Amino acid sequence: MSRRSPEPLVWLLFSGGGMAAALLVPVLLVLFGLAFPLGWLPAPDHAHLLALVGHPITKLVLFGLCALALFHWAHRFRYTLYDGLKLKQASTLIIVVCYGAALAGSAGAAAVLLMA
Amino acid sequence: MSAYRQPVSAFWWLRQWSYLLFVLRELSSVFVAWFVVYLLLLVAAVGDGARAYEDFLAWSGHGWVLVLNLVATAFVLLHAVTWFALAPRAIVVPRVPPWAVLVAHYAAWALLSAGVAWVVLR
Amino acid sequence: MIKMEVTRFRPGEDDAPIVQSYEVPLRKEWAVLDGLNYIKDQLDGTLSYRWSCRMGICGSCGMTVNGKPQLSCATFLTDYAPGPVRVEPLRNFPVIRDLVVDISDFMTKLPKVKPWLIHDGEVPEDEFLQTPREMDEYKKYSMCINCMLCYSACPVYALEPEFLGPAAIALGQRYNLDSRDDGALERRDVLASAAGAWACTFVGECSTACPKGVDPAGAIQRYKLTAAVSALKDFLLPRGARR
Ligand code: SF4
Ligand code: FES
């Protein structure tokens with residue numbers, strides 16, 4: 001009885017991403033998306049951020065967050081397309097596009113973080 | 001026997017507020033993905049030097065970017081609140097009541113948010 | 001008096017259901033089911049619907065009342081005053097006649113989760129002992145009366161009729177979590193299939209609809225976590241170390 005369904009694996013990635021996104025995205029988005037642009041808080045200077053982004057731990061955390069969050073999106077969006085738009089027939093295409101985008105995005109994230 | 005099959009509209013989620021809320025919750029993932037893009041643009045700009053970072057800051061103040069981020073924040077908060085609300089029903093720890101699991105999630109959220117803000121603003 | 005708008009469907013005669021209105025007395029102690037019984041006894045003997053116990057135990061009187069799945073014997077007319085009260089058959093099931101739906105899909109799914117104790121080894125001579133704490137593990141899931149309100153509330157079941165569904169998965173969990181049961185592995189192929197727990201997107205409406213507090217959505221979510229962790233173990237551990 002071999003059950004090599006990938007469903008548990010993608011669900012774990014989805015859940016991990018959901019948790020990471022719930023814990024970390026609100027604060028980062030409020031800071032960099034609203035507080036700094038709107039001047040609620042002074043934006044940190046470049047040298048500080050460069051040092052921060054250059055630190056290996058930051059790189060690792062941000063990579064984990066980006067990759068997991070992208071798989072979270074891929075999984076949820078896949079089911080939203082199935083249910084919300086009744087697109088279950090196009091299942092294979094949706095799976096390839098969603099998880100493919102998440103994989104490509106994770107690779108892109110790794111590249112950006114390594115270069116920064 | 002000719003039983004009648006009740007049809008399901010593609011817009012079933014408009015029929016009831018709780019269904020709509022569910023679809024909105026699922027769509028929050030799109031804004032989570034947008035955040036990843038935004039974050040990577042920021043990181044790339046920081047890596048490219050002080051000028052690029054200034055440009056990023058100016059760009060992030062544009063009307064449409066601000067509006068997008070405002071909407072995204074609302075959705076991301078919806079995601080966080082609904083996620084934590086559902087967590088105690090999946091994570092059942094022996095002898096720990098569900099409300100304690102919920103409180104633990106909110107405590108972790110507060111702690112991590114404060115930690116991130118401190119590291120960024122230091 | 002209160003107006004009841006009841007969905008009628010006569011197989012072979014009607015292509016689609018029609019709505020018929022009746023005036024029934026509005027009495028404080030009358031449930032929607034009493035209103036239907038009044039219609040059947042006094043106004044129109046041709047109305048068909050199912051019921052038996054009138055006390056929320058048999059699970060046969062499920063209907064859609066004002067858009068929500070309800071036990072018609074446990075839903076009171078006065079809550080809908082001044083009316084009208086819309087009574088439709090349970091959603092997501094084929095309608096055989098009037099308010100009677102075809103439940104055979106649910107009936108074929110239920111036994112698939114093997115809802116009975118599967119015990120390895122000796123069966124004790126007198127009785128299986130269990131502590132109250134062990135019983136609390138599954139008690140909530142054992143309250144199910146198979147009324148199918150949860151299926152009626154579930155959009156995933158509406159869109160994907162192969163979905164095993166809330167009550168069946170919760171019932172599988174009821175036995176998986178029983179200290180006397182060793183059948184979790186045998187149930188895994190069905191519960192953890194693509195049409196099983198993984199099809200659920202945690203809309204959560206099944207738990208809202210359930211009149212018995214079973215929380216099928218929670219049961220499914222909990223099962224996903226267990227199944228995912230055990231799949232991960234299968235993946236990481238060498239064959240011999242598996243359990
Ligand atoms: S889980 Fe609740 S709603 Fe579903 S069949 Fe059982 S009692 Fe009815
Ligand atoms: S008649 Fe038995 S549950 Fe309503």
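Bear in mind the structure is a predicted one, so any value in this text is a computation, not a measurement.

On to the overall build of chain C. A count of helical and extended segments in chain C gives 9 helices and 7 strands. Counting only C-alpha atoms, chain C reaches 70 × 40 × 30 Å along its principal axes. Burial status across chain C gives 51% buried among its 243 residues. Entry remark: accessible area of chain C is about 11,400 Å², with carbon and sulfur atoms responsible for 52%.

A few words on the interface of chain C and chain A. Taken together, the contact between chain C and chain A spans 17 residues of the former and 11 residues of the latter. Between chain C and chain A, a total of about 1,400 Å² is buried, with carbon and sulfur atoms accounting for 63% of that surface. Ranking the residues of chain C by area buried against chain A places Leu159, Asp189 and Trp198 of chain C at the top, with a combined share of 37%. Here chain C and chain A share 0 salt bridges between them. For the pair chain C and chain A, the number of links is 1 residue pair in polar contact (both at pLDDT 80 or more). Taken together, the elements giving at least two residues each to the side of chain C that touches chain A come down to helix 5 (155–159), helix 7 (184–191) and helix 9 (216–236) of chain C. Partitioning the side of chain C that touches chain A into residue classes produces 9 nonpolar, 2 polar and 6 charged.

Residue and element names in this part refer to chain C. Here we have 5 strands laid out as an open sheet, ordered 2-1-5-3-4, and mixed in their pairing. In this open sheet, the two edge strands, each paired with only one partner strand, are strand 2 (18–24) and strand 4 (68–71). In this sheet, neighbouring strand axes are inclined to one another by 35° on average, regardless of whether the strands run parallel or antiparallel. The pairing of strand 3 (residues 62–65) with strand 5 (residues 85–88) spans 2 bridges and is antiparallel. Bridge assignment links Val65 to a residue of strand 5, and that residue is Val87. The strands touched by helix 1 (residues 32–43) within the sheet are strand 1 (2–8), strand 2, strand 3 and strand 5, with strand 2 carrying the most contacts at an inclination of about 90°.

Its boundaries defined by the atoms lining it, the second largest pocket holds a volume of some 740 Å³. Every residue lining the second largest pocket is counted, 37 residues in all, and those nearest its centre are Gln6, Pro7 and Val8 of chain B together with Arg91 and Asn92 of chain C. The residue inventory of the lining of the second largest pocket, partitioned by class, reads 20 nonpolar, 9 polar and 8 charged.

Moving on: the interface of chain A and chain B. Tallying the contact residues gives 49 residues for chain A and 51 residues for chain B. Together, Leu29, His46 and Arg76 of chain A form the three largest contributors to the area buried by chain A at its contact with chain B, with a combined 16%. Where chain A packs against chain B, one counts 1 salt bridge. Between Arg76 of chain A and Glu26 of chain B there is a salt bridge, with its nearest N and O atoms 3.3 Å apart. The interface formed by chain A and chain B holds 13 residue pairs in polar contact (both at pLDDT 80 or more) in total.

This part takes up the packing of helix 3 (residues 56–84) of chain A against helix 1 (residues 17–48) of chain B. Interaxial distance between helix 3 of chain A and helix 1 of chain B falls to 8 Å at its minimum, and their mutual angle equals 150°. By the angle class used here, helix 3 of chain A and helix 1 of chain B are roughly antiparallel. For the crossing formed where helix 3 of chain A meets helix 1 of chain B, the hand is left-handed.

What follows covers the packing of helix 6 (residues 166–176) of chain C against helix 7 of chain C. Residue and element names in this part refer to chain C. Running from amino to carboxyl end, helix 6 crosses helix 7 at an angle of 165°, the nearest separation of the two axes being 10 Å. The angle between helix 6 and helix 7 places the two elements in the roughly antiparallel class. Like other packed secondary-structure pairs, helix 6 and helix 7 cross with a definite hand, here left-handed. Within the contact between the two elements, helix 6 uses Ile169, Gly172, Tyr175 and Asn176 and helix 7 uses Ala184, Arg187 and Leu191.

This part takes up the domain arrangement of chain C. Residues and elements named next belong to chain C. Segmenting chain C into domains produces domain 1 (2–101) and domain 2 (104–241). Relative to domain 2, the C-alpha centre of domain 1 lies at a distance of 31 Å. Facing the 14 residues of domain 1 at the interface are 14 residues of domain 2. Approximately 1,000 Å² of surface area, both sides summed, lies buried where domain 1 meets domain 2, with 65% of it carried by carbon and sulfur atoms. When the buried surface of domain 1 facing domain 2 is broken down by residue, Pro69, Asn92 and Phe93 rank first, second and third, together holding 48% of it. Summed over the shared surface of domain 1 and domain 2, the result is 0 salt bridges. Viewed at the interface, domain 2 and domain 1 are joined by 5 residue pairs in polar contact (both at pLDDT 80 or more). If you list the elements that add at least two residues to the side of domain 1 that touches domain 2, you get strand 3 and strand 4. Grouping the amino acids of the side of domain 1 that touches domain 2 by side-chain chemistry returns 7 nonpolar, 6 polar and 1 charged.

All names here are of chain C. The side-chain alternation of strand 4 yields one buried face, formed by Pro69 and Leu71, and one unburied face, formed by Lys68 and Gln70. Note that strand 3 and strand 4 share 4 bridges and pair antiparallel. Within the sheet, the bridge partner assigned to Met63 lies in strand 4 and is Gln70. With antiparallel pairing between neighbouring strands as the criterion, strand 3 and strand 4 make up a hairpin whose turn holds 2 residues, including Asn66 at a positive phi of roughly 45°.

A few words now on the site of ligand 1. Around ligand 1, the surrounding shell holds 13 residues, and the nearest of these are Cys144, Cys147, Met148, Cys150 and Cys210 of chain C. Split by residue class, the shell around ligand 1 holds 11 nonpolar, 1 polar and 1 charged.

Take a nonpolar patch on the surface next. On the surface, a nonpolar cluster with roughly 510 Å² of combined accessible area is contributed by Leu9 of chain A together with Leu232, Phe235, Leu236 and Leu237 of chain C. At 3 residues, helix 9 of chain C tops the list of elements feeding residues into the nonpolar patch. For Leu232 of chain C, the position within the fold is in helix 9.

Once that is clear, we can look at the nonpolar core. Counting 125 residues, the largest nonpolar core has Phe32 of chain A together with Met4 and Leu36 of chain C as its most contacted members. Counting residues in hydrophobic clusters, the runner-up holds 6 residues, among them Trp12, Tyr19, Phe22 and Val23 of chain B.

What counts and how
- Residues numbered from 1 in each chain as written.
- Chains lettered and ligands numbered in written order.
- Predicted model: local features only at pLDDT ≥ 70, side-chain atom pairs only at ≥ 80, totals over all residues.
- Heavy atoms only, no water.
- Helix = DSSP H or I, 4+ residues; strand = E, 2+ residues; numbered from the N terminus.
- Buried < 20%, exposed > 50% of the residue type's maximum accessible area, 1.4 Å probe, protein only.
- Areas by Shrake-Rupley, 256 points an atom, 1.4 Å probe, with all protein chains shown as cover.
- Contact = heavy atoms within 4.5 Å.
- Buried area = accessible area lost by both parts, 1.4 Å probe.
- Salt bridge = Lys/Arg side-chain N within 4 Å of Asp/Glu carboxyl O.
- Polar contact = N/O pair within 3.5 Å; in protein donor to acceptor, adjacent residues only side chain to side chain.
- Nonpolar A, V, L, I, M, F, W, Y, C, P; charged D, E, K, R; others polar.
- Pairing = 2+ DSSP bridges.
- Axes fitted to C-alpha atoms, helices over the stretch in contact; angles between N-to-C directions.
- 1 Å grid on protein atoms, 1.4 Å probe; cavity = no way out; pocket = protein on both sides within 12 Å on 5 of 7 lines; lining within 4 Å.
- Points joined across faces, edges and corners; volume = space filled by probe spheres on them.
- Parallel < 35°, antiparallel > 145°, perpendicular 65-115°, else oblique.
- Left-handed = near helix turned anticlockwise from the far one by under 90°.
- Domains from an automatic or database assignment.
- Near = heavy atom within 4 Å.
- Patch = residues over 30% accessible without salt bridge, like charges linked within 9 Å, V, L, I, M, F, W, Y side chains within 5 Å.
- Core = buried A, V, L, I, M, F, W, Y, C linked by side-chain atoms within 4.5 Å.

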